[in-house]
Amino acid sequence: MDAAAPHAATAKPLEMHELAPYAEAPRLRDGRPDEAGITLAWEDGEQARLPWLWLRDHCACDACRHAQTRERLVLPLAAIARLREARVEAGHLHLAWQDGHQSRFDGGWLHQRRPGVEAPAALPAPRPWPEGFRPERVDHADFTGHVEGERAWLEALLRDGLVLLEQGPLADEEVSRLATRIGPLRPTNFGARFDVRSKPNPNNAAYTAIGLALHTDLPNWRQPPDIQLLYCLENDAEGGESLFADGYRVAEALRREDPEAFRLLSETPIDFRFQDEEQDIAVRAPILACDAEGRVVEVRFNNWIRDTLRLPAETLEAWYAAYHRFWALLHEPRHRLEFSLAPGEMVAFDNRRVLHGRGAFDPDSGRRHLQGTYLDRDMLESRLRVLAREA
Ligand code: OGA
Ligand code: ZN
Ligand code: ZN
């Protein structure tokens, strides 16, 4: 059954109910079955072994994968029928099981999924801002008219946590139209879309004319909004420049310069809370969240909606010292990105990484009006994967 089949250059890809492209991946050259599985060899010299159970579980026939939804139908398998025959033909793997079931696997599809390789990294990894960071700028017309423009915008946002769109129309709700290209707007207690301008009876510091120190939005939610979009419609008031700092970069500076402060902020959950007549939204979480490898993966920082500090009496002062240290680092000029949004410009940023703020403005000197909304990061990643299908 050691089936070395000559590779036909014209081999047609097999239907695997998979939309990401796999037709260009190397074809199978050979398969060596044993009792428990098969060792596959591809025409690029790669080899990998797969157990029969994995292959049976990933069968792409219409009984095992739904032909329309592409979802798995085959149930979790404890034991499977024994194999009757394995054959490599025209670059693909054909299996016949003792119970009569037949499975066919595209050789390129298998190559992409062989043990030991990561899923294709279509997504840019986050990169902390370098000294003197200048954000990527994408023209509105490129974003809406060209795949390349949209891709550049998405990649910069995932990589840098901040990207600018420019030369957009001064149109009400343009922010919602742009966001909807990527995914559904993420609603919060401030609505799915919000207007930032100074209003009577504000329920939020953003709806006044006062300056806003660096913060993240809605850290009082278990899952704060991932991505924030702020679209500028008017900005001729004096002041009101936009401020940003890369939370990942500043957290690393804190770790270097004051490891004990970093430890306290990353290990001590505190309370965040927003209350108005209708709502009382609260969560207990640390300022800095790290993953299993100790990398900072989330910053929650919003001094207005920090609730009562409930910590053991002996930790209170040390926590304040650490918090102040982080605050001071965040606001240092070397960590600060500052610019004025022009009408028709939109800034998008990762609200769980990049802190934002603004200078005070004088509402008597002119008007300032931003429209904002939020998006889930999953939708950005999804959009990039969909664009990669066309590449
Ligand atoms: C906000 C906010 C910044 C600005 O609405 O959450 O921080 O520039 N606005 O007004
Ligand atoms: Zn099947
Ligand atoms: Zn804000």
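Above this text you will find the structure in question.
To start, this report covers the structure provided alongside it. (Residues numbered from 1 in each chain as written. Chains lettered and ligands numbered in written order. Predicted model: local features only at pLDDT ≥ 70, side-chain atom pairs only at ≥ 80, totals over all residues. Heavy atoms only, no water.)

**Observations regarding the packing of helix α6 (residues 247–257) against helix α8 (residues 316–330)**
Condition: Orientation is described by lines fitted to C-alpha atoms, with helices fitted over the stretch in contact, and by angles between N-to-C directions that extend from 0 to 180 degrees. Secondary structure counts use DSSP, requiring at least four H or I residues in a row for a helix and at least two E residues in a row for a strand, with both numbered from the N terminus. Small angles under 35 degrees read as roughly parallel and large ones over 145 as roughly antiparallel, with 65 to 115 read as roughly perpendicular and the rest as oblique. Each crossing gets its handedness from the near helix: less than a right angle anticlockwise from the far helix is left-handed, clockwise is right-handed. Note on definitions: a residue-residue contact is assigned when non-hydrogen atoms from the two residues lie within 4.5 Å.
Closest axis-to-axis distance for the α6/α8 pair is 10 Å, and the angle between their directions is 125°. Considered as vectors, α6 and α8 are oriented oblique to each other. Classified by chirality, the crossing of α8 by α6 is right-handed. Between α6, through Val 250, Ala 251, Ala 253, Leu 254 and Glu 257, and α8, the contact on the second element is made entirely by Arg 325, Phe 326, Leu 329 and Leu 330.

**Section: the pattern of salt bridges**
Put simply, the test is: We define a salt bridge as a side-chain nitrogen of Lys or Arg found within 4 Å of a carboxyl oxygen belonging to Asp or Glu.
Taken as a whole and judged by the stated rule, the model has 40 salt bridges. A salt bridge links Asp 30 to Arg 32; the nearest nitrogen and oxygen atoms lie 3.3 Å apart. With a closest N to O distance of 3.0 Å, Asp 160 and Arg 159 form a salt bridge.

**Details of the side chain of Arg 186**
Put simply, the rule is: For the purposes of these results, a polar contact is taken to be a pair of N or O atoms within 3.5 Å, where, inside protein, one atom must be able to donate a hydrogen and its partner to accept one; residues adjacent in sequence count only when each atom of the pair is a side-chain atom.
With respect to the helices and strands, Arg 186 occurs in the loop between α5 (174–182) and β9 (193–196). Of note is the side chain of Arg 186, whose polar atom sits 2.9 Å from the backbone oxygen of Gln 223. Apart from residues no more than four positions distant in its own chain, Arg 186 is found in contact with Ala 192, Trp 221, Gln 223, Pro 224, Pro 225, Tyr 374, Leu 375 and Asp 376.

**Looking at the site of ligand 1**
The line we're drawing: Nearness of a residue to a molecule or strand requires only that one of the residue's heavy atoms be within 4 Å of it. Per-residue and other accessible areas were derived by the Shrake-Rupley procedure at a 1.4 Å probe size, with only the shown protein chains allowed to occlude residues. Put plainly, a pocket is an open set of points on a 1 Å grid over the protein atoms alone with protein on both sides within 12 Å along at least five of seven lines, a cavity is a set where a 1.4 Å probe fits but cannot get out, and a lining residue has an atom within 4 Å of a point. What decides whether a molecule sits in a cavity or pocket is whether more than half of its atoms lie within 2 Å of the grid points. Note that Gly is not counted as nonpolar here; it falls among the polar residues with everything else outside the nonpolar set of Ala, Val, Leu, Ile, Met, Phe, Trp, Tyr, Cys and Pro and the charged set of Asp, Glu, Lys and Arg.
Around ligand 1, the surrounding shell consists of Val 196, Ala 206, Leu 212, His 215, Asp 217, Gln 228, His 356, Arg 358, Arg 368 and Leu 370. One nitrogen or oxygen atom from the side chain of His 356 is found 3.0 Å from an oxygen atom belonging to ligand 1. At 2.7 Å from an oxygen atom of ligand 1 is found a side-chain nitrogen or oxygen belonging to Arg 368. Notes on ligand 1: free accessible area 290 Å², of which the protein chains cover 95%. Taking a 2 Å distance to the grid points as the criterion, the majority of the atoms of ligand 1 fall inside the second largest pocket. Only β10 (212–215), β20 (354–358) and β22 (368–375) provide two or more residues apiece to the shell around ligand 1. For the shell around ligand 1, the class distribution of residues is 4 nonpolar, 3 polar and 3 charged.

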